[in-house]
Amino acid sequence: MDAIYRIAAGDVVFSPRLAGFVLDAFSTGPTTSPSSSPIRTSTKLTARERQVLRLIARGYSYKDIAKELTISTKTVESHVSSVLRKLQLSSRYQLSHWASERHLN
């Protein structure tokens, strides 16, 4: 039932494993290796932003992240926007892919 409600709300529902396969299938261009300084780049992020990033990488919806972290969905959106800006990425897909490459999930 939860998946049905999430889909009705506009979310995409994938298991974390399937999300990884989808990210790999749609990756384009050269990728950065996991060893290419994930710590240095991710240290720009606050502790809360890192929490949100890990949950995004696991395939959680904004609503589920909000529930997990006991914050509002708008706050999750704000954190995701901040993370995207700091990492110079432009989409949730890129963010998930970036985190997966660095094994942050």
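About the criteria used
- Residues numbered from 1 in each chain as written.
- Predicted model: local features only at pLDDT ≥ 70, side-chain atom pairs only at ≥ 80, totals over all residues.
- Heavy atoms only, no water.
- Patch = residues over 30% accessible without salt bridge, like charges linked within 9 Å, V, L, I, M, F, W, Y side chains within 5 Å.
- Areas by Shrake-Rupley, 256 points an atom, 1.4 Å probe, with all protein chains shown as cover.
- Salt bridge = Lys/Arg side-chain N within 4 Å of Asp/Glu carboxyl O.
- Helix = DSSP H or I, 4+ residues; strand = E, 2+ residues; numbered from the N terminus.
- Buried < 20%, exposed > 50% of the residue type's maximum accessible area, 1.4 Å probe, protein only.

## As for a nonpolar patch on the surface
Thinking step 1. A grouping of Met1, Ile4 and Tyr5 is seen on the molecular surface, where their side chains present a nonpolar patch of about 390 Å² in accessible area.
Thinking step 2. Position of Tyr5 relative to the elements: it lies in helix α1 (residues 2-8).
Thinking step 3. With relative accessibility at 53%, the residue Tyr5 sits in the exposed group.

## Quick word on the pattern of salt bridges
Thinking step 1. A complete count under the given rule lists three salt bridges for this structure.
Thinking step 2. When the shortest N-O distance is used, the salt bridge between Lys86 and Glu49 registers 2.9 Å. Of this pair, Lys86 sits in helix α6 (residues 73-87) while Glu49 sits in helix α4 (residues 47-57); the two residues are 37 residues apart in sequence, bridging distant segments of the chain.
Thinking step 3. Under the relative-accessibility criterion, Lys86 is labelled partly exposed at 25%.
Thinking step 4. Glu49 gets classed as buried once you look at its relative accessible area, which sits at 4%.
Thinking step 5. Linking Glu77 and Lys74 is a salt bridge whose minimum nitrogen-to-oxygen distance equals 3.7 Å. Residue Glu77 and its partner Lys74 are located together in helix α6, separated by three residues, close to a single helical turn.

Worth remembering: the numbers are spatial, not functional.
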